[in-house]
Amino acid sequence: MEGKLYKGQDYKTEFQPRDYLKTFCAFDSGTVAENEILKFNLNNLFETFSPGGIGGDILIDVGTGPTIYQLISACEAFREIIMSDYSELNLREVDKWLKKDPGAYDWSPAMQYVCGLEGDRSKWQEKEARLRRTVTRLLTCDVNQPCPLGSAQVPAADCVLSLLALECACQDVDAYRAAIRNLVGLLKPGGHLVTSVALRCREYMVGSRKFFGLWLEKETVEKAVQEAGCQVLKCQYSPIKYSEAYCVNEGQCFVVARKGPTA
C-alpha cells in the first residue's frame, strides 16, 4: 500500500463510513477473510453477553465507527447502551439505522447470524427493535483524552466496549496504554472492559484512502489492561488476518477484563 497515510483528525473528514462498511462489514456477500473476522467477534460477543455472562444497567461503546453489529448480543444484557465515536460522519451513519432511514445500511445478515447463535434466526427483526430501544445516546468521544466523552454527563458504566478502535486512534504504545486507562476510568469498580484488537496492524484501506494502524502484540494488550487496574478474564487469540488488499495485520485478540476495586 502506497500513498498518504491518514490518521488523527483526518477521521473527521476523510473516513467515509460507506466505504468502510462495504469492505469490512458486507458479511454474507463480502470477502472470506473479512467475514471470518466479523464472525470471530460476533461469536466472542455472544459468549460474553449471553445469560450468566456480563450484563448490567449501562454499556458504553467507545469508538463505535459506522457499525452496530458489536451491540447485537449486548442489547439483551444491558438496560441502556451509549454509543460514541470521534467522527460525526460515523455517528450520522449509525443514526440512520437507529431511525430506520431508507438509506441506512442493512445489518440484517449480522442480525440473523447472532439470532442463529441464540437458536432462532427468525427473530432478527425483534432483535433489531430491541437494539434500537436500548441505544439511548450518541456522543462524540476521543480516547486520547483523560475524559473520553468530554463534558457529557454519563454515569459510571457496568461495561465499556471498544472493538477495533484503539489501534486506529493511538499513535504509539504509550498512547494506547493511556487510552486503556481512560476507558477503565469510565467503569464502575467491578465493571468490565471488553475489547477486540487487530494485532500487528500497520495500515488499512477505506475506499482509496490508507489509514494508520498501530502495531500491537497480544502481550502488549494484556499488559496495558492489567496496568490499568483490571484482571484479564479472557484473552482469545486467533491468527486470522484481513485480506492484504484491505489491511496489513497479523491476528486478532478478544479481551474481557474486570476492573478492580481501587483502579
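- With an unreviewed UniProt entry as reference, the chain is termed Indolethylamine N-methyltransferase, source organism Ovis ammon polii.
- Per UniProt, the chain has the following entry under Sequence similarities (unreviewed entry): "Belongs to the class I-like SAM-binding methyltransferase superfamily. NNMT/PNMT/TEMT family."

**Here we look at the nonpolar core**
Grouped burial of nonpolar side chains is what soluble globular proteins tend to show.
Here comes step 1: Residues F49, Y69 and Y204 are the most contacted members of the largest nonpolar core, which totals 53 residues.
Here comes step 2: In terms of residue count, the dominant contributor to this core is helix α2 (residues 32-49) (six residues).
Here comes step 3: Once you skip the residues sitting within four places of it in the chain, Y69 turns out to touch C25, L38, N41, L42, W107, A110, L163 and L164.
Here comes step 4: Judged by nonpolar contacts, the second largest core, of 34 residues, contains V62, V184, L193 and A228.

**Considering the sheet that holds strand β1 (residues 5-6)**
Here comes step 1: The strand order β1-β8-β7-β10 describes an open sheet built from four strands, whose pairing is mixed. The sheet terminates laterally at β1 and β10 (247-248), the two strands that pair on one side only.
Here comes step 2: Relative to strand β8 (residues 209-212), strand β7 (residues 203-206) runs antiparallel, the two being bridged by four bridges. Note on β8: the bridge partner recorded for Y204 is F211.

**Some words on the side chain of T195**
Here comes step 1: With respect to the helices and strands, the residue T195 is situated in strand β6 (residues 187-198).
Here comes step 2: Here the side chain of T195 touches S162 through a polar contact of 2.7 Å, landing on its backbone oxygen.
Here comes step 3: Filtering out sequence-adjacent residues up to four positions away, T195 remains in contact with S162, C253, F254 and V255.

**Details of the packing of aromatic side chains**
Each pair of aromatic rings is reported with the distance of its centres and the angle of its planes.
Here comes step 1: Applying the stated criterion across every chain, the model contains 14 aromatic pairs.
Here comes step 2: Taken together, a centroid distance of 5.5 Å and an interplanar angle of 40° make the contact between F15 and Y20 tilted. Comparing F15 with Y20, the two get one shared label, buried.
Here comes step 3: Grouped by ring-pair contacts, the aromatic residues Y6, Y11, F15, Y20, F24, Y204, F211, Y242 and Y246 constitute a single cluster.
Here comes step 4: Just above the ring of F212 sits the side chain of K7; from NZ or CZ to the centre is 5.8 Å.
Here comes step 5: Geometry around W97 places R132 over its ring, the cationic atom sitting 3.9 Å from the centre.

Thresholds, definitions, all that
Sequence positions are assigned chain by chain, starting from 1 and proceeding in written order. Local features in a predicted model are, by the rule used here, given only for residues with pLDDT of at least 70; side-chain atom pairs are given and counted only at 80 or more, and totals for whole chains, interfaces and linings are based on all residues. Remark: hydrogens and water are excluded; side-chain values derive from all non-hydrogen atoms of the structure. UniProt positions are given in the numbering used here, feature names are shortened, and annotations may be inferred rather than shown by experiment. Here the nonpolar core consists of buried residues drawn from Ala, Val, Leu, Ile, Met, Phe, Trp, Tyr and Cys, with membership extended through side-chain atoms lying within 4.5 Å. Buried residues are those whose accessible area, probed at 1.4 Å on protein chains only, stays under 20% of the maximum for their type, while exposed residues exceed 50% and partly exposed ones sit between those limits. Here a helix means four or more residues in a row that DSSP labels H or I, a strand means two or more in a row labelled E, and each is numbered from the N terminus. Any two residues having at least one pair of non-hydrogen atoms within 4.5 Å are treated as being in contact. Strands are treated as partners if at least two bridges between them are detected by DSSP. Any pair of nitrogen or oxygen atoms within 3.5 Å is treated as a polar contact; in protein, a donor-acceptor pairing is required on top of that, and neighbouring residues in sequence qualify only through side-chain atoms on both sides. The rule is short: rings of Phe, Tyr and Trp, with Trp giving its six-membered ring, pair when the centres are within 6.5 Å, and they are stacked under 30 degrees, edge-to-face over 60, tilted in between. Criterion for a charge above a ring: Lys NZ or Arg CZ within 6 Å of the ring centre, and within 35 degrees of the ring normal.

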